[in-house]
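Tertiary structure, described
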Amino acid sequence: MKEFLYTAQSARVIFGAGAVQYLPREIELLGAQRALVLSTPEQAHDAERVAQRLGKYVAGVFAKAVMHVPIDTAREARAEAQRLGADCAVAIGGGSTTGLGKAIALESGFPIIAIPTTYAGSEVTPIYGLTEGGVKRTGKDPRILPRTVIYDPELTLSLPLGMTVTSGMNAIAHAAEGLYSKDSNPIMDLIAAEGIRAIAAALPALRAHPRDLEARSQALYGAWLCGTVLGNVGMALHHKLCHTLGGSFNLPHAEVHTVILPYAIEYNASAAPLAMTRIAAALQARTAAGGLYDLARDQGAPCALRDIGMRSADLDRAADLAAANPYWNPRPIERNAIRELLQRAYDGARPP
Ligand code: NAD
């Protein structure tokens, strides 16, 4: 067994259908009294419902979260928290809303309670992102890790099927790359394999019955596990490519993860054979890359970059950007091989 270092990150996790009812108790346990409830404009009704539940513990609602946390939104939310005398924040939504909560915590040190409603996994990572002047800056800070996470699968029943599948593939991407991470450890490997298994089992069930609460619970459980891997070990080529394509070409976050994942895994297959065996086993597939492609395609998700807004003329620049300042990766990053990977992802041909 190789040497490893593992630092457990503490978060209190409450999981179960209807678990959002425990929110007032959880605020009290944190020693807080006035919560600012955060959401996107699309989920303002969820935020209002949560605020109503909070009674004396609510300071107000800020329903202006948007993708990639623009610095102006973060500043406005911080000012609103101050104006309302808030002493904690409740983020109900996906990665964009959790990200806004983290941006508030970064300056104020407020405790954050996250109530995730997608499978992105941000609620269990100390990673933040802030966008200023069109450039997204990311960083790590243990102080922004949400202190309490409430996973209530009932709140995910409304997640549209398309986003359910792409968000599930986004989660699997964290676990798949975690399995060949340079700082992987046996605990994270177990968590990653179980996370992939849970989501891969849930997605076909959700395609058949999107409001199946048991399948929703399995998917959310898998998302927690996969997010935990993202929060604990370093990511590699796949996340670098998605960061580049999302940031520089404005491609939608979960879709770009869905399309790229099989090709990034194919690229790394020969350099990380044990990870490939584990991914394939968790998917019950013959190969990791082919199994990931089939999982996405069979649930109706996009499988080609050209179908999610990428222009063929931008592939060369994307390869240049992705090959510059690369993350650590099990197989060396070669610009021409990356250009080929992007072409295959652009065309959407199934990897073997
Ligand atoms: P999102 O938070 O942007 O949500 C997309 C849309 O879906 C929003 O309109 C949202 O309101 C809506 N939505 C969410 N849950 C819903 C539900 N249950 N029912 C109906 N609508 C719902 O999407 P996301 O993919 O969760 O997050 C993407 C962002 O999170 C990106 O900016 C990404 O970089 C970031 N992220 C960060 C981390 C991290 O560790 N810091 C991890 C993963 C993602």
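Summary of the structure given here.

What counts as what
Residues numbered from 1 in each chain as written. Predicted model: local features only at pLDDT ≥ 70, side-chain atom pairs only at ≥ 80, totals over all residues. Heavy atoms only, no water. Helix = DSSP H or I, 4+ residues; strand = E, 2+ residues; numbered from the N terminus. Rg over C-alpha atoms; globule rule 2.2 N^0.38 Å. Buried < 20%, exposed > 50% of the residue type's maximum accessible area, 1.4 Å probe, protein only. Contact = heavy atoms within 4.5 Å. Areas by Shrake-Rupley, 256 points an atom, 1.4 Å probe, with all protein chains shown as cover. Lys, Arg positive; Asp, Glu negative; His and termini not counted. Charge placed at Lys NZ, Arg CZ, Asp CG, Glu CD. Near = heavy atom within 4 Å. Polar contact = N/O pair within 3.5 Å; in protein donor to acceptor, adjacent residues only side chain to side chain. Nonpolar A, V, L, I, M, F, W, Y, C, P; charged D, E, K, R; others polar. Phe/Tyr/Trp six-rings, centres within 6.5 Å; stacked < 30°, edge-to-face > 60°. Lys NZ or Arg CZ within 6 Å of the ring centre and 35° of its normal. 1 Å grid on protein atoms, 1.4 Å probe; cavity = no way out; pocket = protein on both sides within 12 Å on 5 of 7 lines; lining within 4 Å. Points joined across faces, edges and corners; volume = space filled by probe spheres on them. Salt bridge = Lys/Arg side-chain N within 4 Å of Asp/Glu carboxyl O. Axes fitted to C-alpha atoms, helices over the stretch in contact; angles between N-to-C directions. Parallel < 35°, antiparallel > 145°, perpendicular 65-115°, else oblique. Left-handed = near helix turned anticlockwise from the far one by under 90°.

Bringing the overall build of the protein chain into the picture now. Secondary structure summary: the protein chain contains 13 helices and 8 strands in total. For 352 residues, the compact-globule formula gives about 20 Å, and the C-alpha radius of gyration of the protein chain, at 19 Å, lands near that figure. If you line up the protein chain on its principal axes, its C-alpha atoms span 55 × 45 × 40 Å. For the protein chain, the residues scored as buried account for 57% of the 352 residues in total. Within the protein chain, contacts between residues at least 6 apart in sequence are counted, and of these 76% link residues at least 24 apart. For the protein chain, the exposed area adds up to about 14,500 Å²; of that, 52% sits on carbon and sulfur atoms. Across the protein chain, 34 positive and 33 negative side-chain charges occur, with their mean positions spaced 1 Å apart.

It is worth spelling out the site of the ligand at this point. Residues in close proximity to the ligand total 23 residues, the closest being Thr40, Ser96, Thr117, Thr118 and Thr125. Glu42 has a polar side-chain atom sitting 3.0 Å from an oxygen atom of the ligand. Side-chain polar atom of Gln43 to an oxygen atom of the ligand: 2.8 Å apart, as the coordinates give it. Within the complex, 85% of the 860 Å² of free accessible area of the ligand lies under protein. Here the shell around the ligand takes 3 residues from helix α4 (residues 95-108), the largest share from any one element. Of the residues that constitute the shell around the ligand, the class distribution is 7 nonpolar, 13 polar and 3 charged.

Right, let's talk about the packing of aromatic side chains for a bit. Tallied over the full model, the rule gives 2 aromatic pairs. Relative to Trp224, the ring of Tyr151 has its centre 6.2 Å away and its plane inclined at 45 degrees; by these criteria the two rings are tilted. Of the two residues, Tyr151 is situated in strand β8 (residues 148-151) and Trp224 in helix α7 (residues 213-232); the sequence distance between them amounts to 73 residues. Among the residues examined, Tyr151 registers a relative accessible area of 0% and is labelled buried. Of the aromatic side chains, those joined through ring pairs into one cluster are Phe15, Tyr151 and Trp224. In this structure, Arg331 is placed above the aromatic ring of Tyr267, and the distance from its NZ or CZ to the ring centre is 3.8 Å.

Sizing a probe to match a water molecule and rolling it over the atoms shows the empty space that remains. Reported here for the second largest pocket is a volume of approximately 310 Å³. Contributing elements (two or more residues each) for the lining of the second largest pocket: α6 (186-208) and α10 (273-283). Among the elements that take part in the lining of the second largest pocket, α10 stands out by supplying 4 residues, more than any other. Residue composition of the lining of the second largest pocket, by class: 11 nonpolar, 3 polar and 3 charged.

Below, the discussion takes up the side chain of Gln299. Following the sequence through the fold, Gln299 ends up in the loop between α11 (288-298) and α12 (315-323). Looking at Gln299, the relative accessible area reads 9%, which means it is buried. Engagement of the side chain of Gln299 in a polar contact is seen with the backbone oxygen of Leu295, the distance being 3.0 Å. Among residues more than four places away in sequence, those in contact with Gln299 are Val165, Leu203, Pro204 and Arg207.

To continue, consider the pattern of salt bridges. The tally for this structure, following the rule as stated, stands at 20 salt bridges. Between Asp314 and Arg311 there is a salt bridge; the shortest N-O distance is 3.2 Å. When its relative accessible area of 14% is taken as the criterion, Asp314 is described as buried. In this structure, a network of salt bridges that share partners links the residues Asp294, Arg297, Asp298 and Arg350.

Let's shift gears to α11. Counting buried residues along α11, 9 of its 11 residues qualify, which places the element largely inside the surrounding structure. For α11, the side-chain oxygen to backbone nitrogen distance between the N-cap and Gly290 is 3.1 Å, and the N-cap itself is Thr287. Following α11 by one or two positions, Gly300 adopts a phi angle in the positive range, close to 85 degrees.

The next thing to look at is the packing of helix α5 (residues 161-178) against α6. For the pair α5 and α6, the least separation of the axes is 9 Å and the interaxial angle reads 160 degrees. Considered as vectors, α5 and α6 are oriented roughly antiparallel to each other. For the pair α5 and α6, the crossing hand works out as left-handed. Of the residues in α6, those touching α5 at Leu161, Thr164, Val165, Gly168, Met169, Ala171, Ile172, Ala175, Ala176 and Gly178 are Asp189, Ala192, Ile196, Ile199, Ala200, Leu203, Leu206 and Arg207. Tallied by class, the residues present in the contact of α5 with α6 amount to 13 nonpolar, 3 polar and 2 charged.

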